[in-house]
Amino acid sequence: KIDKIKKFFRKCCSENAKIVIDMEYSGLMHRKERKSLMSQVAFLYSTNSKCCAPSNITLCGMNSEYSNHLLKVGAEKWKEWGFDWTKDSLDKLTNQDKMIYLSADSDVELTYIDPNKIYVVGGLVDKNRHKGVAQKRAAALGIPTAKFPLASYFSKQPKGSLPKHVLTVNHVTGILNDVQATGDWNFAFDRCVPKRNIKLNE
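Summarised in this report is the structure supplied together with it. (Residues numbered from 1 in each chain as written. Predicted model: local features only at pLDDT ≥ 70, side-chain atom pairs only at ≥ 80, totals over all residues. Heavy atoms only, no water.)

1. Some thoughts on the sheet that holds strand β6 (residues 145–146)
Alright, step 1. If you trace the 6 strands from one edge of the open sheet to the other, you get β3-β2-β1-β5-β4-β6, paired in parallel fashion. The open sheet is flanked by β3 (83–85) and β6, the only strands paired with a single partner.
Alright, step 2. In this structure, strand β1 (residues 18–22) lies alongside strand β5 (residues 118–122), joined through 5 bridges in parallel fashion. Within β5, the position partnered with I19 by the bridge is Y119. (Pairing = 2+ DSSP bridges. Helix = DSSP H or I, 4+ residues; strand = E, 2+ residues; numbered from the N terminus.)

Printed below as a string of structure tokens:
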């Protein structure tokens, strides 16, 4: 029975967009932030494996610290559920022509999730110290960027509401999962944007 479930899960993943987490920002983070990132990775794996519209997820640019952490928590078993990792850098992966690097600094706003695309998420926890790094990295690699339509979402929140913090990696992948399942950005934001990330600009 479990084999049939896994087969069905893999079929679901193949019908949705792929997600790549770019892990090559370790040099910009403190040890505590890198540890937090790996906690986010575990959370996004769990969410993806249980959601209605899962994606195949790959972590790229993995160093020994990250890889050893995954091995310690038994992540080899996660590979049966659409999850994988590689030490190869983003520019070494195939199908770069299908990639869209998600960046809050992009001038392009997503209107839908294309199942034929690969959405790249920057694996960075930095409390917004390093502004614009994902946009610059994508430009250096020649990968187009896009951002979530958060501006229109916050415009519908209580007057003066503003995003307080950059979304975490697992929030971003959760939004991708939910939009793939429902096509409803507001539903995804309501579920995935933490209420602490909203403040009133009074």
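Next comes the rest of the account.
2. Let's talk about the packing of aromatic side chains
For any two aromatic rings, the description comes down to two numbers: the centre-to-centre distance and the angle of the planes.
Alright, step 1. This model, assessed by the stated rule, comprises 8 aromatic pairs.
Alright, step 2. Pairing F9 with W81 gives two aromatic rings, centres 5.3 Å apart and planes at 70°, and the pair type is edge-to-face. Here F9 is found in helix α1 (residues 2–14), whereas its partner W81 is found in the loop between α3 (64–72) and β3, with 72 residues between them in sequence. Each member of the pair F9 and W81 is classed as buried. (Phe/Tyr/Trp six-rings, centres within 6.5 Å; stacked < 30°, edge-to-face > 60°. Buried < 20%, exposed > 50% of the residue type's maximum accessible area, 1.4 Å probe, protein only.)

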